[in-house]
Amino acid sequence: VGVVAQQAVQALQPGQVCLLENTRFHKGDTSNSPEFSAALASLCDVFVCDAFGVVHRDQASVTGVTTFVAECYPGPLIRSELRFLSQTLDRP
């Protein structure tokens, strides 16, 4: 997040994506800072979370960003895990 990330996003061509570094090193991420969440959200049109191992964390890059992005989706790994859990709970 910051100038370098903003420049990288502004340079994107249609169909391209930009991946950020691990945001857990920013204090604003682990504290679920609304300002940090908004800064992350300003870099995207769509948010996809595919980190099943962290979806329980109330952090800016996991939950906070979803407040500021209109389109938020689970990624394929999370969909797969949820499908497996549903099947297991429905038919133990």
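Residues numbered from 1 in each chain as written. Predicted model: local features only at pLDDT ≥ 70, side-chain atom pairs only at ≥ 80, totals over all residues. Heavy atoms only, no water.

So, about the overall build of the protein. Along its length, the protein carries 4 helices and 2 strands. Its C-alpha atoms give the protein principal-axis dimensions of about 50 × 30 × 20 Å. Counting only contacts in the protein whose residues sit at least 6 apart along the sequence, the fraction spanning at least 24 positions is 66%. Both charge centroids of the protein, one from 6 positive and one from 9 negative side chains, sit 8 Å from each other. (Helix = DSSP H or I, 4+ residues; strand = E, 2+ residues; numbered from the N terminus. Contact = heavy atoms within 4.5 Å. Lys, Arg positive; Asp, Glu negative; His and termini not counted. Charge placed at Lys NZ, Arg CZ, Asp CG, Glu CD.)

On to the nonpolar core, then. Side chains that are nonpolar tend, in soluble globular proteins, to be buried together. F36, L40, A41, F47, C49, A60, V65, V69 and I78 form the largest nonpolar core, which has 9 residues in total. At the level of elements, α3 (34–41) and β1 (46–49) are the ones that each hand at least two residues to this core. Here this core gets 3 residues from one element, more than from any other, and that element is α3. In this structure, A41 is in contact with V65, F68 and V69, ignoring residues within four places of it in sequence. (Core = buried A, V, L, I, M, F, W, Y, C linked by side-chain atoms within 4.5 Å. Buried < 20%, exposed > 50% of the residue type's maximum accessible area, 1.4 Å probe, protein only.)

So, about the environment of E81. Locating E81 in the fold gives a position in helix α4 (residues 76–90). Spatially, the C-alpha atom of E81 lies 16 Å from that of P92, the residues being 11 residues apart in sequence.

A cluster of nonpolar side chains, namely V46, V48 and Y73, defines an oily patch on the protein surface of about 250 Å² accessible area. With respect to the helices and strands, the residue V48 is situated in strand β1. (Patch = residues over 30% accessible without salt bridge, like charges linked within 9 Å, V, L, I, M, F, W, Y side chains within 5 Å. Areas by Shrake-Rupley, 256 points an atom, 1.4 Å probe, with all protein chains shown as cover. Salt bridge = Lys/Arg side-chain N within 4 Å of Asp/Glu carboxyl O.)

Moving on to the environment of G2. The topology assignment puts G2 in the segment before α1 (3–10). Along the primary structure G2 and L40 are separated by 38 residues, whereas in three dimensions their C-alpha atoms are 9.1 Å apart.

Now for unusual backbone geometry. Look at N32: it is not a glycine, yet its phi comes out positive at around 55°. Classification of N32 by relative accessible area gives buried; the value is 19%.

Attention now moves to the side chain of Q59. Looking at the secondary structure, you find Q59 in the loop between β1 and β2 (71–74). When residues no more than four places from it in sequence are discounted, the contact partners of Q59 are R24, D29, T30, N32 and G64.

The next point concerns the environment of G75. Here G75 shows up in the loop between β2 and α4. A sequence separation of 19 residues divides G75 from H56, and the C-alpha atoms of the two residues are 15 Å apart. When sequence neighbours within four positions are dropped, the list of residues in contact with G75 reads V48, C49 and D50.

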